[in-house]
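Notes for the structure review
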Amino acid sequence: MTAIKEVSRNRVHGGQQIRFQHQSTALNCDMIFGVFLPPQAETAPVPVLYWLSGLTCNDENFAQKAGAQRLAAELGLAIVCPDTSPRGTDLPGEHDHWDFGSGAGFYINATQAPWSDHYNMFDYVSKELPALVEAKLPVTDKRSVSGHSMGGHGALMCALKAPLHYQSVSAFAPICHPSESGWGVKAFSQYLGEDRNAWRDWDATQLVCTVEKQLPILIDQGGDDDFLGEELKPGSLEQACICTHHPLEVRIQEGYDHSYYFIASFIDDHLRYHARALGLIV
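Residues numbered from 1 in each chain as written. Predicted model: local features only at pLDDT ≥ 70, side-chain atom pairs only at ≥ 80, totals over all residues. Heavy atoms only, no water.

Focus: the overall build of the protein
- What the protein contains, in helices and strands, is 9 helices and 9 strands.
- Taken over C-alpha atoms, the radius of gyration comes to 17 Å for the protein, in line with the 19 Å a tight globule of 282 residues would show.
- Judged by the C-alpha coordinates and their principal axes, the protein covers about 50 × 40 × 35 Å.
- Residue burial in the protein is summarised as follows: out of 282 residues, 57% are buried.
- Carbon and sulfur atoms provide 47% of the accessible area of the protein, an area that totals close to 11200 Å².
- Across the protein, 20 positive and 34 negative side-chain charges occur, with their mean positions spaced 7 Å apart. (Helix = DSSP H or I, 4+ residues; strand = E, 2+ residues; numbered from the N terminus. Rg over C-alpha atoms; globule rule 2.2 N^0.38 Å. Buried < 20%, exposed > 50% of the residue type's maximum accessible area, 1.4 Å probe, protein only. Areas by Shrake-Rupley, 256 points an atom, 1.4 Å probe, with all protein chains shown as cover. Lys, Arg positive; Asp, Glu negative; His and termini not counted. Charge placed at Lys NZ, Arg CZ, Asp CG, Glu CD.)

This is the structure:
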C-alpha cells in the first residue's frame, strides 16, 4: 500500500479538512485528494461519502464551495474528494481544451493511446482510492457516492458498474447519456475510440439495463441549467429506468442553474439521504 503525505490541514466545524498526496498505480502519477474527517473520527471509524467533481474542477471545489462540512460533522460522515483527472502527465494536447484531458477524466478507463497509460479514473475512484483511504484513515468500508455534472456521471458509473461496493448514490445535474452528449462524444471518441459499442459500458442510460444490483438513484437538476437539454439529458435516463424498473427520483429545481450555488442549496438533502443508507440516521 502506497504512503500518503499530508499537504494541508484546516479545522472546520469541529472536524478536519485535509489534503493528501500519493502515488497512484492506476493513474501512473502523483495525485492529491481531499478528505473531511468529522469530529467522531477522532474516537471511532466513520463511513464515507465519495464526491466526484465536474469538468475543470479539482479536489478543492466541493470542499470550499458546497458548505457540506457543517452537516457532515453533525452526522459523523467523512467526505472524500478525488481530483478529476491525472495530473503532471503532460500528454500531447492534454491541456488544450477545458472539456477534455486535464480536469476532464470522465471517470472511465481509457483504452486508446496515449490516454490508457494514465486515464483510468474509474479504477482509481472505485478501487484504488477507497482501498487507500480505508487502510490509512479512520473510516469504515461503508461507502456512498455522489457528484456533479461529469462527476455525477462518475457517481452513476460507480453505482451501476460496482453496485455492491456502495450503500447509496446521488447526483447533481449528471451527464446521463454521454454517448449522445457533446461533452461525452468528444471524450469517449478519444479515450475509448470511435467504436460506439465500447461506449455503452460507460453510459448510465445504457448501463441500467445490465446492473447486478439496483441501487435507488437520487438526482437533483436545476431547471434553469444551460446544459440541461444538450449535454445532461436526464430524460433519457428516466425513460431507461422506467423500462427496466430501476428506482430513480429526478427532482427538477426550478430557477437553479449548474453552479455550486445550486449544489450548496440542496447538499443537505443529499447528505441526509446517504446518512440514512449508511446507518447514521433513521
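Now, onward.
A closer look at the pairing of strand 8 (residues 217–222)
- Burial of strand 8 is extensive: 6 of the 6 residues sit out of reach of the surface.
- Of the two faces of strand 8, both are covered, the one formed by I217, I219 and Q221 as well as the one formed by L218, D220 and G222.
- Judged from the 4 bridges that link them, strand 7 (residues 169–172) and strand 8 form a sheet pairing that is parallel. Across the sheet, the residue bridging to F172 is D220, located in strand 8.
- Strand direction decides the pairing type here: strand 8 and strand 9 (residues 248–253), joined by 6 bridges, are parallel. Residue pairing for strand 9: I217 is matched across the bridge by L248. (Pairing = 2+ DSSP bridges.)

Some thoughts on the side chain of Q69
- The residue Q69 is located in helix 2 (residues 69–75) in this model.
- On the accessibility criterion, Q69 (9% relative accessible area) is buried.

What about the state of the cysteines?
- With the rule as written, the count across this model stands at 0 disulfides.
- Residue C243 stays outside any disulfide, its sulfur separated by 7.7 Å from that of C209, the closest cysteine. (Disulfide = S-S within 2.5 Å.)

Here's the deal with the packing of helix 3 (residues 121–136) against helix 4 (residues 150–161)
- Look at helix 3 against helix 4: their axes get within 11 Å of each other, and the N-to-C directions meet at 65 degrees. For the pair helix 3 and helix 4, the sense of crossing is right-handed. On helix 4, the residues touching F122, V125 and S126 of helix 3 are M157, C158 and K161.
- Per-class residue counts for the contact of helix 3 with helix 4 are 4 nonpolar, 1 polar and 1 charged. (Axes fitted to C-alpha atoms, helices over the stretch in contact; angles between N-to-C directions. Left-handed = near helix turned anticlockwise from the far one by under 90°. Contact = heavy atoms within 4.5 Å. Nonpolar A, V, L, I, M, F, W, Y, C, P; charged D, E, K, R; others polar.)

Brief notes about the side chain of S168
- Mapping S168 onto the fold places it in the loop between helix 4 and strand 7.
- Separated by 2.6 Å, the side chains of S168 and S144 make a polar contact. (Polar contact = N/O pair within 3.5 Å; in protein donor to acceptor, adjacent residues only side chain to side chain.)

Thoughts on the pattern of salt bridges
- Tallied over the entire structure, the rule returns 13 salt bridges.
- D99 is paired through a salt bridge with K186; the nearest N and O atoms lie 2.7 Å apart. With D99 in the loop between strand 5 (78–81) and helix 3 and K186 in helix 5 (residues 182–191), the pair connects residues that are 87 residues apart, well separated along the chain.
- The exposure class of D99 is buried, given its relative accessible area of 10%.
- Between D269 and R251 there is a salt bridge; the shortest N-O distance is 3.0 Å. With D269 in helix 9 (residues 260–277) and R251 in strand 9, the pair connects residues that are 18 residues apart, well separated along the chain.
- Look at R251 and you get partly exposed, because its relative accessible area is 22%.
- A single network of salt bridges, built from pairs that share partners, joins R19, D59 and E60. (Salt bridge = Lys/Arg side-chain N within 4 Å of Asp/Glu carboxyl O.)

Regarding helix 9
- Taking 1.5 Å per residue as the helical rise, helix 9 with its 18 residues ought to reach 26 Å, and the 24 Å between its terminal C-alpha atoms agrees with that figure.
- At F266, helix 9 shows its maximal kink, close to 50 degrees.
- At the N-terminal end of helix 9, a side-chain oxygen is found 3.2 Å from the backbone nitrogen of Y261, two or three residues along, and the residue is S259.
- Looking one or two residues beyond helix 9, the residue adopting positive phi is G279, at roughly 80 degrees. (Expected span 1.5 Å × (residues − 1). Bend = angle between axes of the 7 residues up to and from the residue.)

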